[in-house]
Amino acid sequence: MMEIHQFRCTGCSAIVAPEALAGNFRCPDCGDLYEVFYPGWNGPRHTRPNPSALRWLWRERRTSLKAEDRSGVWRFREMLPILGDEAGIVSLGEGNTPLYDLPQSAQCLRLANLRAKHQGMNPTGSFKDTGMTAALSVARERGFHWVACASTGNTSAAMAAYAARAGMRSLVLLPQGKIAGGKLAQAMDYGALTLQLRTDFDGCVRVLAEVVGRAPVYLLNSVNPYRIEGQKTPALEIAEQLEWEVPDHLIVPGGNLANSSALGKGFLEMQHLGLTTRVPKISVIQAEGANPLVRSMQEFGGERIEPVEARTRASAIRIGNPASWRKAVRVLRQTGGFVEQVSEAEIALAKAEIGAEGIGCEPASAVTLAGLKKLLEQGKIERGESVVLLLTGHTLKDPDYTIHFHRGDLLAGEESAPKASLIEGLRRNTIELDADADQVLRELERVHQ
Ligand code: F0G
């Protein structure tokens, strides 16, 4: 499959073969990132994959017992022909995640059609698994023994798990004390060399760039274009789950900005191949304190970006200098989506609302619901339109955040003030009692009133 994919620089459009990629995955001429493309898809229509045959084949594979058929990434392998040999696939059974409806939020917001694609329901609890199965399979095929990433937590958990499955070693650089406990525990459990650096995520990225230049480790951050190939497959799943219709809007959290780019690529490629007839508007939501893309669009029309010192309790998206910002700007332009930012109280409230639907997610994922509310208020999304929120991480990733929210000590008074009554209505603190049925019944009665 190798010879049928190539790389195009997203800055200067230079084309290179897979073997010619530099270890940092940046173009030596302009420094920008590459994307995978498949020259065979640009020939006359009769030479391209047949959409009806593909739809049939992908559905059939769900009933197969082979691991590569059951994976929600490799089931769509005609869309990512990046491996020389399918026998080299490293899979944990990723993808095939649920598309839930959100009836309570839909009713509150008077929306007819609101769903959540829950990528937190992946094997390591985040959307990173779909990209990791793709890029790590390539790493193993190329004969690497070590893989590495800088991470706000989820990438490291996914990479460590897939490396362990492949019998490879993994090096994780984390901002010290700034990642959620669940994610740190995962990296350790899966046997990674876990180094916490006294810096932020952006500092870890800088250090890792130097390390990959000086040691034979394979970089698995999302600048690696193979990650994007895996991460585009939820777009295919969403379309399949909606009978090959696409929603009017897809709302995605924005951190390093690879995921919005990947999903955009997936939807645009599906349209190009005739699998679908249109693309959703893809909107990116950032936390107010980690909003470099929002600023770039507002202040520079998306032409340049100025790094910020990132601050938000949604630690997964505490990123001030996003690597894939140009790709994300392109997806915003190509799909007609919007950028928006949300406050800490808006994130906390939205997370509790998603929890109250019986679904739950980690804080970074909840920016999508908070952003949706703003886009509705601004009339950028209409109530008759269909909306899918992309939930990126499982609620168990960051239990401390949830417990502090329900205890009432997550936010400072001035932060929660604008949303205080809504937040109070959703708080469900835990209560300690003696082992006494009367006390339990008294509580039940009190809450019931
Ligand atoms: N949501 C979650 C739960 C994440 O872990 C991340 C990124 C994002 C959203 C943002 O996605 O970076 O593609 O825009 N986490 C990375 C990590 C950076 O290291 O785990 P993005």
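Coordinates for the structure precede this section.
A short tour of the structure in this document, coming up. (Residues numbered from 1 in each chain as written. Predicted model: local features only at pLDDT ≥ 70, side-chain atom pairs only at ≥ 80, totals over all residues. Heavy atoms only, no water.)

1. A closer look at the pairing of strand 3 (residues 34-37)
We apply this condition: A 1.4 Å probe rolled over the protein chains alone gives each residue an accessible area, and that area as a share of the maximum for its type sets the label: buried under 20%, exposed over 50%, partly exposed in between. To qualify as a helix, a DSSP run of H or I must reach at least 4 residues; to qualify as a strand, a run of E must reach at least 2; elements of each kind are numbered from the N terminus. By the convention used here, strands pair only if DSSP detects at least 2 bridges between them.
Residues of strand 3 alternate between two faces, with Y34 and V36 on one and E35 and F37 on the opposite face, all of them buried. In terms of strand pairing, strand 1 (residues 6-9) meets strand 3 through four bridges, oriented antiparallel. In the strand pairing of strand 3, R8 is matched with E35.

2. Concerning the side chain of S151
Our working definition: N or O atoms closer than or at 3.5 Å make up a polar contact, with two conditions inside protein: a donor-capable atom paired with an acceptor-capable one, and, for residues adjacent in sequence, both atoms drawn from side chains. Note on contacts: a residue pair is in contact if any heavy atoms of the two residues lie within 4.5 Å.
The topology assignment puts S151 in the loop between strand 6 (146-150) and helix 5 (154-166). With relative accessibility at 1%, the residue S151 sits in the buried group. A distance of 3.3 Å separates the side chain of S151 from the backbone nitrogen of T155, its partner in a polar contact. Contacts of S151, omitting those with residues within four sequence positions, involve S156, L173, L174, P175, I179 and F201.

3. Digging into the site of the ligand
We apply this condition: We call a residue near a molecule or strand whenever a single non-hydrogen atom of that residue lies within 4 Å of it. Each accessible area value is a Shrake-Rupley result obtained with a 1.4 Å probe; residue values ignore everything except the protein chains displayed when judging cover. Under the convention adopted here, Pro, Cys and the residues Ala, Val, Leu, Ile, Met, Phe, Trp and Tyr are nonpolar, Asp, Glu, Lys and Arg are charged, and Gly plus all remaining residues are polar.
Taken together, 20 residues sit near the ligand, with S151, T152, N256, L257 and T392 positioned nearest. The separation between an oxygen atom of the ligand and a polar main-chain atom of T155 is 2.8 Å. Measuring from a nitrogen atom of the ligand, one finds a side-chain N or O atom of T392 at 2.7 Å. Compared with its free state, where it exposes 470 Å², the ligand has 99% of that area covered by protein. Only helix 5 and helix 10 (258-272) provide two or more residues apiece to the shell around the ligand. For the shell around the ligand, a count of residues per class yields eight nonpolar, ten polar and two charged.

4. Notes on the state of the cysteines
A covalent bond between the sulfur atoms of two cysteines is referred to as a disulfide. The test is simple: Cysteine sulfur atoms are paired as a disulfide whenever they come within 2.5 Å of each other.
According to the stated counting rule, one finds zero disulfides in the structure shown. Considering cysteine sulfurs only, C27 is the nearest to C12, which forms no disulfide, with 3.7 Å between them.

5. Here we look at the nonpolar core
Under the convention used in this document: The set of buried Ala, Val, Leu, Ile, Met, Phe, Trp, Tyr and Cys residues whose side-chain atoms join them within 4.5 Å is what this entry labels a nonpolar core.
Counting 80 residues, the largest nonpolar core has I82, L136, V147, L250, F267 and M270 as its most contacted members. Once you skip the residues sitting within four places of it in the chain, M270 turns out to touch M79, A235, L236, A239, W244, L275 and T276. Within the second largest apolar cluster, 41 residues are counted, among which are A106, A316, V342 and L426.

6. Digging into helix 15 (residues 399-407)
Counted only if it meets this: In this description, one arc is meant: the one made by directions from the helix axis to the C-beta atoms.
Every buried residue belonging to helix 15 is among Y401, T402, F405 and H406, and all of these are buried. End-on, the buried residues of helix 15 take up no more than an arc of 125 degrees, which puts them together on one face. In this structure, the buried residues of helix 15 make contact with helix 13 (344-356), helix 14 (363-377) and helix 17 (420-426). G408 lies just past helix 15 and shows a positive phi near 95 degrees.

7. Concerning unusual backbone geometry
Despite not being glycine, F25 has its phi angle at roughly 60 degrees, a positive value. Structurally, F25 can be placed in the loop between strand 2 (15-16) and strand 3. Here R110, not a glycine, exhibits a phi torsion of approximately 55 degrees, which is positive. Note that R110 resides in the loop between helix 3 (103-109) and strand 5 (113-118).

8. Re the packing of helix 4 (residues 128-141) against helix 5
We apply this condition: The convention used is that axes are lines fitted to C-alpha atoms, helices contributing only their stretch in contact, and that angles between N-to-C directions extend from 0 to 180 degrees. Working definition: roughly parallel below 35 degrees, roughly antiparallel above 145 degrees, roughly perpendicular at 65 to 115 degrees, and oblique for all remaining angles. The crossing is said to be left-handed when, going from far helix to near helix, the turn is anticlockwise and less than a right angle, and right-handed when the turn is clockwise.
The interhelical angle for the contact between helix 4 and helix 5, taken along N-to-C directions, is 45 degrees, at an axis separation of 9 Å. The orientation of helix 4 with respect to helix 5, classified from their angle, is oblique. Between helix 4 and helix 5 lies a crossing whose hand is right-handed. Touching K128, D129, M132, T133, L136 and R140 of helix 4 are N154, T155, A158, M159, Y162, A163 and A166, all from helix 5. For the contact of helix 4 with helix 5, a count of residues per class yields seven nonpolar, three polar and three charged.

9. A few points about the pattern of salt bridges
Put simply, the rule reads: Just to be clear on terms, a salt bridge is a Lys or Arg side-chain nitrogen sitting within 4 Å of an Asp or Glu carboxyl oxygen.
Here the structure, examined in full by the defined rule, presents 25 salt bridges. A salt bridge links E35 to R8, with the shortest nitrogen-to-oxygen separation between them at 3.6 Å. Here the residue E35 occupies a position in strand 3, and R8 occupies one in strand 1, the gap between them amounting to 27 residues. Taking the shortest distance from any N to any O, the salt bridge between E443 and R446 comes out at 2.7 Å. Residue E443 and its partner R446 are both found in helix 18 (residues 437-448); the two are separated by three residues, about one turn of the helix. Note on R446: relative accessible area 48%, which makes it partly exposed. Members of the salt-bridge network, linked through shared partners, are R61, D69, R77, E78 and E86.

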